[in-house]
Amino acid sequence: MRNATLPFAFVAPALVFLAAVLGWPLLQAVWLSLQDVGVIGSQGRFVGLANYAAVLGDGRFWRALLRSLVWVAGNAAVQTLAALGAALILNQQFPGVRLARTWIILGWIVPTVVVVIIWRWLLSTSGGMINPLLVQAGVIDRPVGFFASRESAMTTLILINSWRWFPFTTLMLLAGLTRIPGELYEAARIDGAGAVKRFTRITWPLLQPTLLVLGVVGTLLSFNVFDVIWLLTAGGPAQATQTLPVLIYETAFKGYRLSEAAAVSVITSLLLMAFAVAATRAMAADEAER
Amino acid sequence: MKRLTFLAGLAALLSAGTALAEPVNLTLWHMEQPPHRVQRMQELLDEFNKANPDIVVKQEPQSWGEVYAKAPAAMSAGNGPDLLFTIPDFTTVMKGIDAVVPVDDLVKELDAKHGFVPATLAPYQYDDHVWAVPAYNMAISLWYRNSALKAAGIEVPKTWSEWKAAAEKLSADGKYGIGLPANKQLYTDQTVYSFMVNNGAADIYKDDGSIDFDKPQTVAAYQAYADLQKLSPPDSPSWTWGEAEACFASASCGMILQFTVINTYDTQAEADPADLGVAPVPHADDQVDSATISYSNAIMLTTKDAAKQEAAKKFLTWLLEPQTYGRFLTMEPGLFLPVTNDGAEADSFWKDPVVTKYKSQVETMVANSKNGKLFGFTTGKVFPSIGAISAQNVIAETLQHIVVDGQSAADAVKAGQARMAEITAKK
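Reference entry: report on the structure contained in this document.

Reading guide: rules and limits
- Residues numbered from 1 in each chain as written.
- Chains lettered and ligands numbered in written order.
- Predicted model: local features only at pLDDT ≥ 70, side-chain atom pairs only at ≥ 80, totals over all residues.
- Helix = DSSP H or I, 4+ residues; strand = E, 2+ residues; numbered from the N terminus.
- Buried ≥ 20, exposed ≤ 12 C-beta atoms within 10 Å, placed from the backbone.
- Contact = placed C-beta atoms within 7 Å.
- Nonpolar A, V, L, I, M, F, W, Y, C, P; charged D, E, K, R; others polar.
- Pairing = 2+ DSSP bridges.
- Axes fitted to C-alpha atoms, helices over the stretch in contact; angles between N-to-C directions.
- Core = buried A, V, L, I, M, F, W, Y, C linked by C-beta atoms within 7 Å.
- Right-handed = clockwise from strand over helix to strand, strands pointing away.
- Expected span 1.5 Å × (residues − 1).
- Arc of directions from axis to C-beta.

When helices and strands are tallied, chain B shows 20 helices and eleven strands. Taken over the C-alpha atoms alone, chain B extends approximately 95 × 50 × 35 Å along its principal axes. The proportion of buried residues among the 427 residues of chain B is 49%.

Take the overall build of chain A next. In terms of regular secondary structure, chain A is built from 13 helices and zero strands. Order of helices (α) and strands (β) in chain A, N terminus to C terminus: α-α-α-α-α-α-α-α-α-α-α-α-α. Buried residues in chain A amount to 32% of all 290 residues. Partitioning the intrachain contacts of chain A with sequence separation of at least 6 by distance along the chain shows that 68% fall at a separation of at least 24.

Facing the 28 residues of chain A at the interface are 32 residues of chain B. Classifying every residue of the side of chain A that touches chain B by side-chain character gives 13 nonpolar, eleven polar and four charged.

Once that is clear, we can look at the sheet that holds strand β8 (residues 255–258) of chain B. All names here are of chain B. On the basis of which strands lie adjacent, the open sheet formed by three strands has the order β8-β7-β9 and antiparallel pairing. The open sheet has two edge strands, β8 and β9 (276–279), and neither has a second partner. Strand-to-strand, the axes of this sheet are offset by a mean angle of 30°, without reference to chain direction. Strand direction decides the pairing type here: strand β7 (residues 141–145) and β8, joined by four bridges, are antiparallel. Across the sheet, serine 141 pairs through a bridge with glutamine 258, a residue of β8. Contacting β7 and β8, helix α11 (residues 241–249) runs over the sheet at an angle of about 145° to β8.

Okay, the nonpolar core next. Grouped together as the largest cluster of nonpolar side chains are 168 residues, with contacts concentrated most on B:Ile178, B:Tyr222, B:Tyr225, B:Met255, B:Ile256 and B:Met300. Take this core: its biggest share by element is eight residues, from helix α10 (residues 216–229) of chain B. Excluding its chain neighbours within four sequence positions, the residues that come into contact with B:Ile178 are B:Ala167, B:Leu228, B:Leu231, B:Ser232, B:Cys253, B:Gly254, B:Met255 and B:Ile256. The next biggest cluster of nonpolar side chains, apart from the first, holds nine residues, and it includes A:Leu84, A:Ala86, A:Ala87 and A:Phe168.

On to the pairing of strand β2 (residues 55–61) of chain B. Residues and elements named next belong to chain B. Here strand β1 (residues 24–30) runs beside β2; their pairing, made up of seven bridges, is parallel. Directly across from leucine 28, in β2, lies its bridge partner glutamine 59. In this view, the connection linking β1 to its parallel neighbour β2 by way of helix α2 (residues 35–51) has right-handed handedness.

Another aspect to go through is unusual backbone geometry. Residue and element names in this part refer to chain A. A cis amide bond links glycine 236 with the next residue in sequence, proline 237, at an omega value of 0°. With respect to the element layout, proline 237 can be found in the loop between α11 (227–232) and α12 (244–253). Positive phi is not limited to glycine here, since alanine 234 has a value of about 55°. Secondary-structure assignment places alanine 234 in the loop between α11 and α12. Phi angles above zero are rare outside glycine, and alanine 238 is one such case at about 50°. Relative to the helices and strands, alanine 238 resides in the loop between α11 and α12.

Before going further, it helps to spend a moment on helix α20 (residues 409–426) of chain B. Residue and element names in this part refer to chain B. Counted at 1.5 Å a residue, the expected span for α20 with its 18 residues is 26 Å, and the 26 Å between its end C-alpha atoms agrees. Regarding α20, the residues found buried are Ala409, Ala412, Val413, Gly416, Gln417, Met420 and Ile423. Take α20 and look down its axis: the buried residues cluster within an arc of 145°, on one side only. Opposite the buried face of α20, by more than 90 degrees, sit the exposed residues Glu422 and Ala425. Summarising the contacts, the buried residues of α20 are in contact with α10, α18 (385–391) and α19 (394–403).

Next comes the structure, spelled out in structure tokens:
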């Protein structure tokens, strides 16, 4: 009996902590979403599921959800490609590789607000460096506003956010690469396998567990990114970069509809929980297959 | 004898008790975060606290970005300030949660003594009360370089036609004739509204609280703005105030609409007061006078404690005394404009080195500010939805439909009307 209860005793402190810092606020959000509170601090009435009906019947929610999916997919694609390339290079032995492995994390450790200021300045048409470089290189005829059109704003945001986060992904992939036994590559070389074949038959399959974990964690992290988007575009132009976190903030603190924002938060949480459960099951199935 | 001794002892105890009485503590929240403004505020508070040992005023600087959420939450939790800086739409938010105390008597007294500029008081007078004490004013003006206009052979524009012609002439050699923002942000609300007030479209509400945005004057104002905006830098749809000032300081933009450029021009550009030009915002061709948007910043009383209210009134009275007031305004020289008649003549204001250097520009700014209006606060009636309309930047959002999505001005204004009506319906 004592042995059976012992594991629960070990995890109990963590569960209590999680219940306090996650469970209680989530319950509060659910309760808030069932009222009609406007300004933070004001009183509200119980309105049942009216806020959920309003949110789900509002095109802005669905458009923001779609943008969030584009945002997550764009970040996943760009970060994975950039990080995989960087990790493969840093996994080689060449002079200065240790320094390069240290330097690459710089972009990740720089505070968000500094990243935003740097990129705003670089992309500015008043003294920024990127427009003149692109004009000189013949890529564009005249300076462009990177955040001025719907298409370029989302693309530019994804590239900037990926620039910030790909060092983290690189380090994770590098850790995955170092766990692949060198003997496998040696044997493949002896069998006459070229670089492409070694990558597709050894590196890529053996990196799958790392990529799967990164996919799950990266999706959850990307979905919730607010700071970079808010500071660079505030969801504009014309709502082109208004993802769900931005919509929640705008609804709560600019529209003064706190309960409606809570309803969007609860729906978003449910979506992310469903994704996390499905991904965890997929990872468990993948593990069992191995 | 014993009785006398007892009475003397009692008197001594009482006087000691008075001497040891706790001073009244006031917490002041303002949103003037730059260090030099905080420092100037502290100097003023130290001076007041020294002269009034029974009162201690301490400042807690906040940010405009957070205070809309933070102040109501703090008031609700009982940790709010006793005095809170405000702008008109923020006042409606705080009033909506019953966190503001009317200051009718104090304002009447101060008005009799100093004479408030009516335009600065109007946005705080509604529902039979005055809800804040005006503290300083800010008004949008047109900024340019005299030398650039002279080189292009043009006069300072007074009408929209002249303005467009001037901007086209100044658009040469890789320079932009004008820098107008198109971001969904407060700065764009302000610049667009500066066009609206110059074409008779100042009111966005009818008397009954319904929205009165979609009208020919508004459409014409948006069209004129969009036409000029085409001559602005391509990244202007993501601009805030800083980018516009940077564009002007680097001479990339020939003209901009801004509250002030004096500090930037003085520290990062030519710093030549003779060349820096400022004028009223040009008006529509069929209008006679120029108007502008002005933001009268004020101070709300947010304590319900009688002793604190008295102490706060004493502090506000002291702050608006001419010898003090000028130093308060020049915490940011050339930006904050006086809201009182004697403040506008105070030596403490005009003797500031920066104000002295750019005296003619500041005089023009003060004159412009007297013709200032603010959306939602023009009819003498204030409706609760203005806070949300302002916070959600619907005026700027309407412009983005034209500049970013390529809609016609008429369609965009129609959508803007619908959006404002939707927000009003939810309030």
